[in-house]
Amino acid sequence: MIADIANYISTHSAQLATQITAHIGISLFALIVATAIGVPCGYLASKSSRSEVIVTAPFEMLRVVPSLAFLIILIPIMGTGILPAVTALTILAIPPVLLNTSVGFRSIPDFMVESARGIGMTERELLYKVRIPGALPMMLAGIRTALVEVIASTTLAAKIGGGGLGEIIFTGLGLNRTDLLVLGGLLVAALSLLSGVIFDAVTRKLLR
């Protein structure tokens, strides 16, 4: 099987590079959209218990629906290709970003907020100089969780013509080729691990 994998890599290197690039592109785009939605929603959810329920409930309900089911539901609306895949992955990625952001903002000690107000900070200054820096570690942890989940789930994009490393896995399933299944799985796992390592390095630099 190792020889088959090595032979496939050598004869399909250009195709593999395209699939890896597509996989990373779809994952990052979905993560960026999810972060742009999840962070503001998480901040709103941190305002009060009532706002937390109102904001988080719809995303929690959507989270229990499998990504593949979302893809099937979106096909009649958006057709096939990258758009429905990114939409489904974005919905998958929003909850961890939103929930961690909410927890991060709610975990800021009251005395820090009162001290900042006591020295004359405006609400805007308080947000950018106290609340966001205080919530940033939890916020980044949620983004990291979403990143790993999205990279693993992007394999489903190939099911509807979205591209990515899922093409290798589904080809292996269709042809009953274990070497392609193993190769696809290893590449997705490697991307997940590598992205986690890179994200942790960037996080350490930001938090410093």
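Residues numbered from 1 in each chain as written. Predicted model: local features only at pLDDT ≥ 70, side-chain atom pairs only at ≥ 80, totals over all residues. Heavy atoms only, no water.

Caption draft 1: A look at the side chain of S153. Its location among the elements puts S153 in helix α7 (residues 123-153). Leaving out residues up to four positions away in the same chain, S153 has contacts with S67, L89 and L92. (Helix = DSSP H or I, 4+ residues; strand = E, 2+ residues; numbered from the N terminus. Contact = heavy atoms within 4.5 Å.)

Caption draft 2: Quick peek at the nonpolar core. If you look at the biggest cluster of nonpolar residues, it comprises 50 residues, and the most contacted ones within it are Y8, L89, L98, F105, I143 and I168. If we ignore the near neighbours within four places in the chain, the residues touching I143 are L31, T35, V97 and F199. (Core = buried A, V, L, I, M, F, W, Y, C linked by side-chain atoms within 4.5 Å. Buried < 20%, exposed > 50% of the residue type's maximum accessible area, 1.4 Å probe, protein only.)

Caption draft 3: The arrangement of unusual backbone geometry in detail. Its identity is not glycine, yet N176 carries a phi of approximately 55°, on the positive side. Inspection of the secondary structure assignment puts N176 in the loop between α8 (166-175) and α9 (178-207). Looking at N176, the relative accessible area reads 68%, which means it is exposed.

Caption draft 4: Region of the structure containing the packing of aromatic side chains. Across all of its chains, the model carries one aromatic pair by this definition. For the ring pair Y43 and F105, a centre distance of 5.0 Å and an interplane angle of 65° mean the geometry is edge-to-face. Here F105 lies in helix α5 (residues 82-106) and Y43 lies in helix α2 (residues 13-45), a separation of 62 residues in the sequence. When its relative accessible area of 21% is taken as the criterion, Y43 is described as partly exposed. For F105, a relative accessible area of 7% translates into the label buried. (Phe/Tyr/Trp six-rings, centres within 6.5 Å; stacked < 30°, edge-to-face > 60°.)

Caption draft 5: Region of interest: the pattern of salt bridges. Taken as a whole, this structure holds three salt bridges when the rule is applied. Here E114 ties to R117 by a salt bridge, and the two come within 3.5 Å at their closest N and O atoms. Of this pair, E114 and R117 both sit in helix α6 (residues 110-118), three residues apart, which is roughly one turn of the helix. (Salt bridge = Lys/Arg side-chain N within 4 Å of Asp/Glu carboxyl O.)

Caption draft 6: Spatial organisation of the confidence of the model for the protein chain. The pLDDT averaged across the protein chain works out to 85; a share of 100% of its residues lies at or above 70. Mean pLDDT across the secondary structure elements of the protein chain bottoms out at helix α4 (residues 67-78), with 76, and peaks at α2, with 91. (pLDDT = per-residue confidence, 0-100.)

Caption draft 7: Examining the environment of M112 more closely. Examined against the element boundaries, M112 turns out to sit in helix α6. Assessed through its relative accessible area of 36%, M112 is described here as partly exposed. In this structure the C-alpha to C-alpha distance between M112 and G134, which are 22 residues apart in sequence, comes to 9.7 Å.

Caption draft 8: Spotlight on α5. Between its first and last C-alpha atoms α5 spans 36 Å; for 25 residues at 1.5 Å apiece the expected length is 36 Å, and the two agree. Buried residues dominate α5, accounting for 19 of its 25 residues. (Expected span 1.5 Å × (residues − 1).)

Caption draft 9: Structural detail: the packing of α2 against α7. Where α2 contacts α7, the two axes come as close as 10 Å, and the packing angle between them is 145°. Note that α2 runs across α7; the crossing there is right-handed. Along its contact with α2, which presents H23, S27, L28, A30, L31, T35, V39 and Y43, the element α7 presents L127, R131, M139, I143, A146, L147, V150 and I151. Counted by class, the contact of α2 with α7 contains 12 nonpolar, three polar and one charged residues. (Axes fitted to C-alpha atoms, helices over the stretch in contact; angles between N-to-C directions. Left-handed = near helix turned anticlockwise from the far one by under 90°. Nonpolar A, V, L, I, M, F, W, Y, C, P; charged D, E, K, R; others polar.)

Caption draft 10: Seen up close, the environment of T80. Inspection of the secondary structure assignment puts T80 in the loop between α4 and α5. The exposed category is assigned to T80, whose relative accessible area is 58%. The spacing of T80 and G161 is 81 residues in sequence and 6.1 Å in space, taken between C-alpha atoms. Excluding anything up to four places from it in sequence, T80 contacts I75 and I160.

Caption draft 11: Structural view of the packing of α4 against α5. Where α4 contacts α5, the two axes come as close as 9 Å, and the packing angle between them is 140°. What the angle tells us is that α4 and α5 run oblique. When the axes of α4 and α5 are compared, the crossing they make is right-handed. In this structure, α4 uses S67, F70, L71, L74 and M78 to contact α5, whose residues at the interface are L83, P84, A85, T87, A88, I91 and L92. (Parallel < 35°, antiparallel > 145°, perpendicular 65-115°, else oblique.)

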